[in-house]
Amino acid sequence: MKPSPSNLLAALLATAAISLSGIAHSAPLAGFETVGVTVQEASVAAAGWSAQKQILHKPVYNDDKKKIGVIEDIIVSPENSVSYAVVGVGGFLGIDRHDVLIPFNHFKAEGHKFLLPGATKAMLKSLPAFKYTK
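Residues numbered from 1 in each chain as written. Predicted model: local features only at pLDDT ≥ 70, side-chain atom pairs only at ≥ 80, totals over all residues. Heavy atoms only, no water.

Chemist: Talk me through the sheet that holds strand 7 (residues 108–110); I want residue IDs and the actual numbers.
Modeler: If you walk across this open sheet you meet the six strands as 6-5-4-3-8-7, and the pairing is mixed. In this open sheet, the two edge strands, each paired with only one partner strand, are strand 6 (98–103) and strand 7. The mean angle between the axes of side-by-side strands here comes to 40 degrees, regardless of whether they run parallel or antiparallel. The sheet contact formed by strand 4 (residues 67–76) and strand 5 (residues 82–89) spans six bridges and is antiparallel. Within the sheet, the bridge partner assigned to V76 lies in strand 5 and is V82. (Pairing = 2+ DSSP bridges. Helix = DSSP H or I, 4+ residues; strand = E, 2+ residues; numbered from the N terminus. Axes fitted to C-alpha atoms, helices over the stretch in contact; angles between N-to-C directions.)

Following this line, the structure appears as structure tokens:
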């Protein structure tokens, strides 16, 4: 007797469920992809840098070492590279802050400081305001 397509599918699904039941307890699954990373991958990631700790909310200085803004956000391009920084200029506690978009390659790192050579606070304020798309 030849099995029907629906019986064959049910048998395949049951076999898959049985074979995955041993795995499901050792690693969470989303569809058929493992979620999370191995201990080895986590140690490699931990050796990298953190945008939250090393870039975001850090001051931006000009050539005269005067603070001209703060890095509020970074924009990652669809190609997975950091393309732009959103720099907040002026304001107090985010009120009346003027956000501008600066190509990330315009910054120069000096120790733990971010420099924007040739920039002034007035020049940044004169740039068009950056608004996120909705």
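From this point, things continue past the structure.
Chemist: Describe the side chain of D99, with residues and values.
Modeler: When you line up the elements, D99 lands in strand 6. Discounting residues that sit within four places of it in the chain, D99 has contacts with E72, V86, V87, G88, P128, A129 and F130. (Contact = heavy atoms within 4.5 Å.)

Chemist: Go over the nonpolar core with me, naming the residues and quoting the values.
Modeler: Of all hydrophobic cores here, the largest spans 17 residues; its most connected members are V60, I71, V87, I102, F107, L116 and L124. Those elements giving two or more residues to this core turn out to be strand 4, strand 5 and strand 6. In this structure V60 touches K66, K67, I68, G69, V70, I71, V87, F107, F114 and L116, once residues within four positions along its chain are discounted. (Core = buried A, V, L, I, M, F, W, Y, C linked by side-chain atoms within 4.5 Å. Buried < 20%, exposed > 50% of the residue type's maximum accessible area, 1.4 Å probe, protein only.)

Coordinates in, geometry out; function isn't part of it.
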